[in-house]
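Topology and contacts: notes
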Amino acid sequence: MAGKLTARDIMTGGVRCVGAHESLYDAARMMRDLDVGCLPICGDNNRLTGVITDRDIVVTCCADGIDPATVQAGTLSGDLYWIDADAEATKALEIMENNHVKRLPVIDVKGGHQLVGMITEANVAKNLNDKQIAEFATGVYATA
């Protein structure tokens, strides 16, 4: 990565949350409308409580014949990883690699602990050289 980029420098802003009490059906429609495969889940206090992916919806709901309109998004919020917007971007890579996550929410801790963006594989690829991309991919996709 060039220079001392922060998480805020490489993230995609304007991220929208699905409410923890909204259904998986609502989450799926929001993903479709926003053309994304992942959404942050926010609780009643509008703070990040988890992340849900399109794969989560398919594997844990649809594949078992469960109606996605009957399941709340918040029930699928597993382990939560995030990064402070002011942290160095290299820290984001470390978190993503160590936890095998492809998307990382960015929180503005100084600004009231608000969700301000998301770092994705595409964001990472735009800011890495070929060798770093290979190392990142190996770290994220390595089997435990």
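Since the model is a prediction, treat every value here as computed from it, not as a measurement.

Turning next to the environment of Asn 45. With respect to the secondary-structure elements, Asn 45 resides in the loop between strand E3 (38–42) and strand E4 (48–53). Sequence separation of Asn 45 and Gly 19 is 26 residues, and the distance between their C-alpha atoms is 10.0 Å. A polar side-chain atom of Asn 45 sits 3.0 Å from the main-chain amide nitrogen of Arg 47.

The buried fraction of strand E6 (residues 103–108) amounts to five of the six residues, a majority that puts the element mostly inside the structure. Across two bridges, strand E5 (residues 83–84) lies against E6 in parallel orientation. Paired with Asp 84 across the bridge in E6 is Ile 107. Strand direction decides the pairing type here: E6 and strand E7 (residues 114–120), joined by six bridges, are antiparallel. What sits directly across from Asp 108, in E7, is Gln 114. Two successive antiparallel strands, E6 and E7, enclose a turn made up of five residues, where Gly 112 displays a positive phi of approximately 90 degrees.

At a minimum axis distance of 6 Å, the contact between helix H4 (residues 89–99) and helix H6 (residues 130–141) shows a crossing angle of 40 degrees. As judged from the angle between their axes, H4 and H6 are oblique. In this structure, the crossing between H4 and H6 has a hand that is left-handed. When H4 is examined against H6, the residues Leu 93, Met 96 and Glu 97 are found in contact with a partner set consisting of Glu 135, Phe 136, Gly 139 and Val 140. Considering only residue class, the contact of H4 with H6 consists of four nonpolar, one polar and two charged.

Another point: the nonpolar core. Ile 83, Met 96, Leu 104, Val 106, Ile 119, Val 124 and Phe 136 are the most contacted members of the largest nonpolar core, which has 19 residues in total. Of all the elements, H4 adds the most residues to this core, at five residues. Not counting residues up to four positions away in its chain, the partners in contact with Phe 136 are Leu 93, Met 96, Glu 97, Glu 121, Val 124 and Leu 128.

Counting across every chain of the model gives one disulfide. A disulfide bridge connects Cys 17 with Cys 42, and the sulfur atoms are separated by 2.1 Å. With Cys 17 in the loop between strand E1 (12–13) and strand E2 (18–19) and Cys 42 in strand E3, this pair connects stretches of sequence that are 25 residues apart. With a relative accessible area of 23%, Cys 17 lands in the partly exposed category. What makes Cys 42 buried here is its relative accessible area of 5%. Cysteine Cys 38 remains unbridged, with the sulfur of Cys 17 as its closest cysteine sulfur at 10 Å. Residue Cys 38 is classed as buried on the basis of its relative accessible area of 9%. For Cys 61, which is in no disulfide, the shortest distance to another cysteine sulfur is to Cys 62 and amounts to 4.8 Å.

Conventions and cut-offs
Residues numbered from 1 in each chain as written. Predicted model: local features only at pLDDT ≥ 70, side-chain atom pairs only at ≥ 80, totals over all residues. Heavy atoms only, no water. Helix = DSSP H or I, 4+ residues; strand = E, 2+ residues; numbered from the N terminus. Polar contact = N/O pair within 3.5 Å; in protein donor to acceptor, adjacent residues only side chain to side chain. Buried < 20%, exposed > 50% of the residue type's maximum accessible area, 1.4 Å probe, protein only. Pairing = 2+ DSSP bridges. Axes fitted to C-alpha atoms, helices over the stretch in contact; angles between N-to-C directions. Parallel < 35°, antiparallel > 145°, perpendicular 65-115°, else oblique. Left-handed = near helix turned anticlockwise from the far one by under 90°. Contact = heavy atoms within 4.5 Å. Nonpolar A, V, L, I, M, F, W, Y, C, P; charged D, E, K, R; others polar. Core = buried A, V, L, I, M, F, W, Y, C linked by side-chain atoms within 4.5 Å. Disulfide = S-S within 2.5 Å.

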